[in-house]
Amino acid sequence: MVAELEGALAKMTGKHRVALDWFNENKGEIITWSDIQKFSADHSRLVNQAKGIYKPQYTDYALSLRTIQNGPYPDKDVEYRPDGSWALHYFQENQNPAQRDREATNRGLMRCMEDQVPVGTLVKRQPKPGVAYEVLGLGLVTKWENGFFTIEGFSDAGEVHDTEQPDAALLRATNGTISEAFDAENDQDLREKTLAQVARRRGQAAFRAALLEAYGGKCCVTGCTLKDALEAAHIAPYRGDHSHHVQNGLLLRSDIHTLFDLGLLVITEGYRVKLSKVALEDDSYANLESTQLLLPDDQTRYPSLDALGRHRKWAGI
């Protein structure tokens, strides 16, 4: 299935469409809670302050959902893809999956799934004071199972991945879902998919090789020299082969790469490490705060300050 964003948006009108357009136009931005409230007051309500799922009274469809860190529900981390799409596994309102349809919010998401109506999605990235959310953009509800809704985000080209053949991002986003029985053969298949994703995530061979050379085979944050643990991280999101420029890359240990991709670790204008409040609470990473980046000997290969600045803005740190 390939769903076109324009066609999906055309199904909605009025206040609902105004709100969906806001999610689409602000995709990838970090927006403060006060700005979200202001738009809601001036134009169209975007979220329900009391609940993660917002289903307006004027429609049978859910309009938006938002995740929070350390919330009451076991939502999974967002899984991002190079084409701008993403996958999210979002737990329903009501802890008991058997009671799904008792909640109007869940029924609204089910209607979105049935009629392929898009929903706006927010992820909390900054706690009080100064609460801020990352706008993931719009996605389609593609599945419900054991209490979890699967949301597939539209790519930058306005398409949604084929849910009949889930990729590694979706497999990670749905990892942990309760299954009826352990399937050893399926487990092997998941291992192979995971290994394939690791290989892809390291970047194309030339890009990774260029970063390994530029940084002397060392993670630029930790100094790790174990090549099998080092990955080619894009600073600005991958948008094609032109993104594979050494100045748009960092050579990072795999776990540091994950922190960077999630916006939990950024690099300052002085090429120093800065951690989010969440990352600082973990003793295994707190010592990285203010660490000076290990830079290439060749200054023309330094990471782009502009790209790093855009990453900091996105991360909200």
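Structure shown above.
Figured I'd write up the structure that's included with this text. (Residues numbered from 1 in each chain as written. Predicted model: local features only at pLDDT ≥ 70, side-chain atom pairs only at ≥ 80, totals over all residues. Heavy atoms only, no water.)

## Some details on helix α11 (residues 305-315)
And then number 1: Those residues of α11 not exposed but buried are Ala 307, Leu 308, His 311, Arg 312, Trp 314 and Ala 315. An end-on view of α11 places all buried positions within 160° of arc, on one side of the element. Summarising the geometry of α11, the exposed residues directed more than 90 degrees from the buried face are Arg 310 and Lys 313.
And then number 2: Contact partners of the buried residues in α11: β1 (30-32), β4 (79-80), β7 (132-145), β10 (249-253), α8 (254-261) and β11 (265-267).
And then number 3: One or two steps after α11, the chain reaches Gly 316, where phi turns positive at roughly 75°. (Buried < 20%, exposed > 50% of the residue type's maximum accessible area, 1.4 Å probe, protein only. Helix = DSSP H or I, 4+ residues; strand = E, 2+ residues; numbered from the N terminus. Arc of directions from axis to C-beta. Contact = heavy atoms within 4.5 Å.)

## Considering the packing of aromatic side chains
And then number 1: Counting across every chain of the model gives 6 aromatic pairs.
And then number 2: Judged by centre distance (5.7 Å) and plane angle (80°), the rings of Tyr 271 and Tyr 302 are edge-to-face. Taken together, the positions of Tyr 271 in the loop between β11 and β12 (273-275) and Tyr 302 in the loop between α10 (283-286) and α11 put the pair 31 residues apart, joining distant regions of the chain.
And then number 3: Since its relative accessible area comes to 22%, Tyr 302 is described here as partly exposed.
And then number 4: Grouping aromatic residues by their ring pairs yields a cluster made of Trp 22, Phe 23 and Phe 39.
And then number 5: The positively charged end of Arg 100 is found above the aromatic ring belonging to Trp 144, 4.5 Å away from the centroid.
And then number 6: Across from the ring centre of Tyr 61, 5.2 Å away, lies the NZ or CZ of Arg 111, which sits over that ring. (Phe/Tyr/Trp six-rings, centres within 6.5 Å; stacked < 30°, edge-to-face > 60°. Lys NZ or Arg CZ within 6 Å of the ring centre and 35° of its normal.)

## A few points about the side chain of Thr 105
And then number 1: Take Thr 105: it is sitting in helix α4 (residues 104-115).
And then number 2: Apart from the residues lying within four places of it in its own chain, the contact partners of Thr 105 are Lys 51, Ile 53, Lys 55, Ala 62 and Glu 93.

## With respect to the side chain of Ser 44
And then number 1: Checked against the element boundaries, Ser 44 lands in the loop between α3 (33-42) and β2 (53-54).
And then number 2: Given the relative accessible area of 3%, Ser 44 is considered buried.
And then number 3: A distance of 2.7 Å separates the side chain of Ser 44 from the backbone oxygen of Lys 15, its partner in a polar contact.
And then number 4: Non-local contacts of Ser 44, meaning those with residues more than four positions away in its chain, are made with Lys 15, Val 18, Ala 19, Phe 39 and Tyr 58. (Polar contact = N/O pair within 3.5 Å; in protein donor to acceptor, adjacent residues only side chain to side chain.)

## Some words on unusual backbone geometry
And then number 1: Backbone geometry at Asn 146 places phi at a positive 50°, although glycine is not the residue there.
And then number 2: Considering the arrangement of structural elements, one finds Asn 146 in the loop between β7 and β8 (148-153).
And then number 3: A positive phi angle, close to 70°, is found at Ser 290, a residue other than glycine.
And then number 4: Tracing the chain through its elements places Ser 290 in the loop between α10 and α11.
And then number 5: A residue is classified by how much of its surface remains accessible, and Ser 290, at 40% relative accessible area, is partly exposed.

## With respect to the nonpolar core
And then number 1: Counting 42 residues, the largest nonpolar core has Trp 22, Phe 23, Ile 36, Leu 46, Leu 109, Leu 122 and Ile 151 as its most contacted members.
And then number 2: Per element, the largest residue contribution to this core is 6 residues, and it comes from β7.
And then number 3: The next biggest cluster of nonpolar side chains, apart from the first, holds 33 residues, and it includes Ala 214, Ile 235, Leu 262 and Leu 264. (Core = buried A, V, L, I, M, F, W, Y, C linked by side-chain atoms within 4.5 Å.)

## Some words on the pairing of β8
Each regular strand displays side chains that alternate between the two surfaces of the sheet.
And then number 1: The buried count for β8 comes to 6 of 6 residues, which makes it a mostly enclosed element.
And then number 2: Of the two faces of β8, the one carrying Phe 148, Thr 150 and Glu 152 and the one carrying Phe 149, Ile 151 and Gly 153 are both buried.
And then number 3: With 5 bridges connecting them, strand β5 (residues 86-91) and β8 associate as antiparallel partners. Along β8, the bridge assignment pairs Phe 91 with Phe 148.
And then number 4: Looking at chain direction, β7 and β8 are connected through 6 bridges and run antiparallel. In the sheet register, Val 141 faces β8, and the bridge partner there is Ile 151.
And then number 5: In this antiparallel pair of consecutive strands, β7 and β8, the connection spans 2 residues, and Asn 146 shows a positive phi of 50°. (Pairing = 2+ DSSP bridges.)

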